[in-house]
Amino acid sequence: MVLALLVGGVVVALVVVGLFVFGLRRRLIQRSGGTFDCSLRWDPPPGESEPSGKGWVYGVARYNGDRIEWFRVFSYAPRPRRVLERASIEVVQRRTPKGEEELALLSDAVVLACLHGGTRLELAMSEDALTGFLAWLEAAPPGQRVNVA
């Protein structure tokens, strides 16, 4: 009986520590400011008439100079999962979520189809975050090309 209580207490303590570390990591990412909630779908299948909800990963993006650093929400990794260079981002299309995507994304999300160095990707963010993202793209230093559809 004592052993079962001890094991149960250890499991509860590990769960609490794990949740605390998730929260601490998110606070550390957001500490420098310039963050927004952003789901990412890397290399989606081309030409889907009815996009599926598969491949979307919920995350937090952070502006860092001429880069966007994207972190998975459900991860303990201290480093960004993806880094997007401003000069390499080309916006191809803007659309609302369709079909199963509506279930996989946040309710107010707008999907932005992009190319990054020849790789297709889709970003889903709120309308406010999208406005900031497009302003950041267009605010490139003189001499850099910006591709916004």
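Fair warning: this is a prediction, and the values are worked out from it, not measured in the lab.

Turning our eyes to something else, we now look at the overall build of the protein. Counting its secondary structure elements, the protein contains three helices and eight strands. Taken from the N to the C terminus, the helices and strands of the protein come in the order α-β-β-β-β-β-β-α-β-β-α. Expected size for 149 residues packed as a compact globule is a radius of gyration near 15 Å; at 19 Å, the protein overshoots this value by more than 25%. By principal-axis analysis of the C-alpha atoms, the protein measures approximately 70 × 35 × 25 Å. In the protein, which comprises 149 residues, the proportion classed as buried is 34%.

As recorded in UniProt, the feature "transmembrane region" (unreviewed entry) lies at residues 6-24. Taken end to end, residues 6-24 is 100% helix and 0% strand, and its two terminal C-alpha atoms sit 27 Å from one another.

Conventions adopted
Residues numbered from 1 in each chain as written. Predicted model: local features only at pLDDT ≥ 70, side-chain atom pairs only at ≥ 80, totals over all residues. Heavy atoms only, no water. Helix = DSSP H or I, 4+ residues; strand = E, 2+ residues; numbered from the N terminus. Rg over C-alpha atoms; globule rule 2.2 N^0.38 Å. Buried < 20%, exposed > 50% of the residue type's maximum accessible area, 1.4 Å probe, protein only. UniProt positions renumbered as here; feature names shortened; annotations may be inferred.

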